[in-house]
Amino acid sequence: MKFNFSLDAAIALTLTTVFFYTSGQIYLNGILSPFLIDSVVLNFSVQDKIYLGFLKGANEYLYILGACLILFFLRYIFIYFELGKVIDKKLIKLIPVN
């Protein structure tokens with residue numbers, strides 16, 4: 001069976017995995033640092049760090065995703081209603097002519 005993923009999906013999946021791995025690594029180091037223990041000593045696998053990152057960082061990931069979607073829709077509305085032209089006309093009226 002052959003899968004045909006687009007490049008966009010692969011990049012999005014990679015960035016999501018990196019975000020969750022980093023979140024898990026930061027969480028583990030934050031929990032273990034008061035005891036002067038490095039997370040390497042406990043031999044957590046990459047998969048464990050991704051799981052912990054998902055459990056602790058899912059809300060932040062959804063906030064970032066929601067903010068990106070809102071910015072995308074605001075840009076779409078700005079272009080659809082041609083608000084740039086309206087703003088240009090108003091700015092030109094404010095410039096005094098000698």
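Conventions adopted
- Residues numbered from 1 in each chain as written.
- Predicted model: local features only at pLDDT ≥ 70, side-chain atom pairs only at ≥ 80, totals over all residues.
- Heavy atoms only, no water.
- Salt bridge = Lys/Arg side-chain N within 4 Å of Asp/Glu carboxyl O.
- Buried < 20%, exposed > 50% of the residue type's maximum accessible area, 1.4 Å probe, protein only.
- Helix = DSSP H or I, 4+ residues; strand = E, 2+ residues; numbered from the N terminus.
- Contact = heavy atoms within 4.5 Å.
- Polar contact = N/O pair within 3.5 Å; in protein donor to acceptor, adjacent residues only side chain to side chain.
- pLDDT = per-residue confidence, 0-100.
- Expected span 1.5 Å × (residues − 1).
- Bend = angle between axes of the 7 residues up to and from the residue.

**A closer look at the pattern of salt bridges**
Here's step 1: As enumerated under the stated definition, the model contains 1 salt bridge in all.
Here's step 2: Notably, a salt bridge pairs Glu82 with Lys85, separated by 3.9 Å at the nearest N-O pair.
Here's step 3: Take Glu82: its relative accessible area is 44%, and that puts it in the partly exposed class.
Here's step 4: Taking the relative accessible area as the measure of exposure, Lys85 reaches 52% and is therefore exposed.

**A word on the environment of Gly57**
Here's step 1: Here Gly57 is to be found in helix α2 (residues 46-80).
Here's step 2: Taking C-alpha positions, Gly57 is 8.3 Å from Phe19, a pair spaced 38 residues apart along the chain.
Here's step 3: Setting aside residues up to four positions removed in sequence, Gly57 forms contacts with Phe19 and Phe20.

**Remarks on the side chain of Thr16**
Here's step 1: On the secondary structure map, Thr16 appears in helix α1 (residues 7-32).
Here's step 2: At 2.8 Å, the side chain of Thr16 forms a polar contact with the backbone oxygen of Ala12.

**Focus on the confidence of the model for the protein chain**
Here's step 1: Residue-level pLDDT values for the protein chain average 89, and 95% of them are 70 or greater.
Here's step 2: The lowest-confidence element of the protein chain is helix α3 (residues 83-94), averaging 88 in pLDDT; the highest-confidence one is α2, averaging 93.

**Some words on α2**
Here's step 1: For α2, spanning 35 residues, the distance from its first C-alpha to its last is only 44 Å, which falls clearly below the expected 51 Å at 1.5 Å a residue.
Here's step 2: Along α2, the sharpest change in direction is near 65° and occurs at Gly57.
Here's step 3: Listed as buried for α2 are Lys49, Gly53 and Gly57.
Here's step 4: Looking at the buried residues of α2, the elements they touch are α1.

**Observations concerning unusual backbone geometry**
In terms of backbone geometry, most residues other than glycine have negative phi values and most peptide bonds are trans.
Here's step 1: In this structure, Asn43 is a non-glycine residue whose phi angle is positive, near 60°.
Here's step 2: Along the chain, Asn43 falls in the loop between α1 and α2.
Here's step 3: Note on Asn43: relative accessible area 65%, which makes it exposed.
Here's step 4: Its identity is not glycine, yet Glu82 carries a phi of approximately 50°, on the positive side.
Here's step 5: Note that Glu82 resides in the loop between α2 and α3.

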